[in-house]
Amino acid sequence: MQKNFRRLDGMTLPYPLFFPDATRGEVRQLSFEDVKKVGLPGILVNTFHLLRLVGTEKTELAGGIRSHLGWDKAMISDSGGFQIMSIAKKGGDNSTVTDKGVTFTIDGVKHHFSPEDSIKYQMAMRTDLMVVLDDFTPPDATYEEALMTVNRTTLWAKRCKATYLAECKRLNIPRDRRPYLIGVVQGAYFDDLRIQSIRELTEIGFDGYGYGGWVMRDGKFDIATAKLMADNLPKDSVLYGLGIGKPDDIVKCVELGYQIFDCVLPTRDARHGRLYVYKAKEIEKIDVYQDSFYEYYNPRQAQHLEENAPVSTACDCELCMTVTRAELAKRWRERDERVLRLATIHNLRFYAILMEKLGSGN
Ligand SMILES: [Zn+2]
């Protein structure tokens with residue numbers, strides 16, 4: 001199993017890694033300085049949203065999206081597919097998903113997005129890791145529908161790989177400076193389809209493979225599918241838990257060999273007043289392998305108005321070092337917007353500590 005993630009500039013970062021969601025090139029509520037301070041290695045950007053905002057030409061002129069935004073840490077990108085598919089599927093008759101790609105309409109203007117486009121845009125952004133365009137299998141798909149998404153995902157994956165190789169050649173990128181290219185395994189809850197998807201994608205050959213599709217099953221994380229993938233994918237490839245997840249699910253996935261994660265949960269939960277708190281009283285005493293090693297704290301609950309302790313004593317973030325539970329609860333009630341920033345910092349620091357603990361356990 002690979003031990004380190006290699007950035008385009010050659011710098012390495014030890015696995016496991018968690019990338020917070022910076023869809024439009026920023027982590028909501030935070031400055032880049034805030035993101036650096038929480039101790040996470042980089043951010044995940046969304047190809048579709050970002051290029052709509054910035055444009056490919058400006059990005060290329062700046063030598064990549066990182067220079068354009070002024071961010072000097074790691075940066076990974078998604079294919080843009082999930083957002084485009086969501087728009088396409090809501091778009092009624094004007095939108096279609098075919099083998100050629102996705103056609104959709106925004107503000108009355110018709111767009112086409114192909115696997116080739118996804119790779120070209122990600123190459124223009126110069127992110128450290130990029131993901132192929134895949135055909136998402138909905139969780140309620142029938143066997144036939146799931147098979148269709150597996151077949152189309154393979155077809156698109158082949159074209160993504162060919163475009164990637166052609167772009168690396170065109171841009172004269174040496175082998176050891178190329179971004180990671182991640183294939184996405186589809187097949188929903190059908191084990192034989194997941195195996196088929198794995199076989200077809202590994203024949204094409206990718207640097208790593210992602211957990212595609214819906215990660216929940218019957219209200220719980222689908223650990224069986226995560227395991228099936230880890231057991232059947234090449235041991236020297238990178239395993240990426242796309243959109244995973246809750247802290248305890250990440251622990252289970254790291255135990256299975258997954259190395260990279262991204263998820264909207266910590267930032268979205270922070271904005272909704274759902275803060276993660278380790279049950280241990282000190283950072284040194286946190287044991288992430290213990291059942292229910294954390295709990296939630298909600299500043300809206302009236303009982304916290306009287307608590308003079310920090311949100312967590314097993315945390316060294318700006319919130320926990322400067323604000324008591326009582327103050328936070330009061331400011332939350334007053335709808336003081338600044339607490340959203342502090343809550344986001346806290347939840348991301350929780351994830352950074354989680355990854356540090358998991359990394360030292362290897
Ligand atoms: Zn904290």
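Notes on the structure follow. Computed from a predicted structure; not experimentally measured. (Residues numbered from 1 in each chain as written. Predicted model: local features only at pLDDT ≥ 70, side-chain atom pairs only at ≥ 80, totals over all residues. Heavy atoms only, no water.)

1. Comments concerning empty space enclosed by the protein
Turning to step 1, where the next piece is worked out: Summed over all chains, the structure comprises one cavity of 30 Å³ or more.
Turning to step 2, where the next piece is worked out: Here the largest cavity defines a volume of roughly 30 Å³.
Turning to step 3, where the next piece is worked out: Tallied by class, the residues present in the lining of the largest cavity amount to four nonpolar, three polar and one charged. (1 Å grid on protein atoms, 1.4 Å probe; cavity = no way out; pocket = protein on both sides within 12 Å on 5 of 7 lines; lining within 4 Å. Points joined across faces, edges and corners; volume = space filled by probe spheres on them. Nonpolar A, V, L, I, M, F, W, Y, C, P; charged D, E, K, R; others polar.)

2. Remarks on the pattern of salt bridges
Turning to step 1, where the next piece is worked out: The full count for this structure, using the stated rule, is 21 salt bridges.
Turning to step 2, where the next piece is worked out: One salt bridge connects Arg152 with Asp99, and the closest N-O pair in it is separated by 2.9 Å. On the criterion of sequence distance, the pair formed by Arg152 in helix α7 (residues 143–170) and Asp99 in the loop between β6 (96–98) and β7 (101–106) is long-range, its members being 53 residues apart.
Turning to step 3, where the next piece is worked out: Residue Arg152 is classed as buried on the basis of its relative accessible area of 11%.
Turning to step 4, where the next piece is worked out: Here Arg325 ties to Glu307 by a salt bridge, and the two come within 3.3 Å at their closest N and O atoms. Taken as a pair, Arg325 in helix α13 (residues 325–333) and Glu307 in the loop between β17 (294–297) and α12 (318–322) lie far apart in primary sequence, 18 residues in all.
Turning to step 5, where the next piece is worked out: When its relative accessible area of 25% is taken as the criterion, Glu307 is described as partly exposed.
Turning to step 6, where the next piece is worked out: When salt bridges with common partners are traced through the structure, they connect Glu33, Lys36 and Asp72 into a single cluster. (Salt bridge = Lys/Arg side-chain N within 4 Å of Asp/Glu carboxyl O. Helix = DSSP H or I, 4+ residues; strand = E, 2+ residues; numbered from the N terminus. Buried < 20%, exposed > 50% of the residue type's maximum accessible area, 1.4 Å probe, protein only.)

3. Here we look at the packing of aromatic side chains
Turning to step 1, where the next piece is worked out: Evaluation of the coordinates by the stated rule reveals 21 aromatic pairs.
Turning to step 2, where the next piece is worked out: With 4.7 Å between their ring centres and 50° between their planes, Phe32 and Trp71 make a pair best called tilted. With Phe32 in helix α1 (residues 32–37) and Trp71 in the loop between α4 (65–69) and β5 (74–78), this residue pair connects regions lying 39 residues apart in the sequence.
Turning to step 3, where the next piece is worked out: Here the aromatic rings of Tyr143 and Phe190 are separated by 5.1 Å at their centres, their planes lie at 80°, and the arrangement is edge-to-face. Residue Tyr143 is located in helix α7, and its partner Phe190 is located in the loop between β10 (180–185) and α8 (191–204); the two are separated by 47 residues in the primary sequence.
Turning to step 4, where the next piece is worked out: Pairwise contacts between aromatic rings join Phe18, Tyr276, Tyr278, Phe293, Tyr294, Tyr296, Phe350 and Tyr351 into one cluster.
Turning to step 5, where the next piece is worked out: Of note, Arg194 hangs over the ring of Tyr211, and the distance from its end group to the ring centre comes to 5.3 Å. (Phe/Tyr/Trp six-rings, centres within 6.5 Å; stacked < 30°, edge-to-face > 60°. Lys NZ or Arg CZ within 6 Å of the ring centre and 35° of its normal.)

4. Section: the coordination of the zinc ion
Turning to step 1, where the next piece is worked out: Every protein donor of the zinc ion is accounted for by Cys315 (SG), Cys317 (SG), Cys320 (SG) and His346 (ND1), and the metal-donor separations fall at 2.1 to 2.4 Å.
Turning to step 2, where the next piece is worked out: Here the donor residues for the zinc ion map to a single chain with the spacing C-x1-C-x2-C-x25-H.
Turning to step 3, where the next piece is worked out: Given a relative accessible area of 3%, Cys317 falls into the buried group. (Donors = N, O, S within 2.8 Å, 3.2 Å for Na, K, Ca; no water.)

5. Here we look at the environment of Leu354
Turning to step 1, where the next piece is worked out: Among the secondary structure elements, Leu354 is positioned in helix α14 (residues 338–360).
Turning to step 2, where the next piece is worked out: Residues in contact with Leu354, not counting those within four places in the same chain, are Pro247, Ile250, Val251, Tyr278, Val288 and Phe293. (Contact = heavy atoms within 4.5 Å.)

6. A closer look at the sheet that holds strand β8 (residues 109–113)
Turning to step 1, where the next piece is worked out: Pairing is antiparallel in the open sheet, where three strands are placed in the order β6-β7-β8. With one partner strand each, in any of the chains shown, β6 and β8 form the two edges of the open sheet. Each strand of the sheet is rotated relative to its neighbour by a mean of 20°, with strand direction disregarded.
Turning to step 2, where the next piece is worked out: The sheet strands contacting α7 are β6 and β7, and the helix crosses β6 at an angle near 75°. (Pairing = 2+ DSSP bridges. Axes fitted to C-alpha atoms, helices over the stretch in contact; angles between N-to-C directions.)

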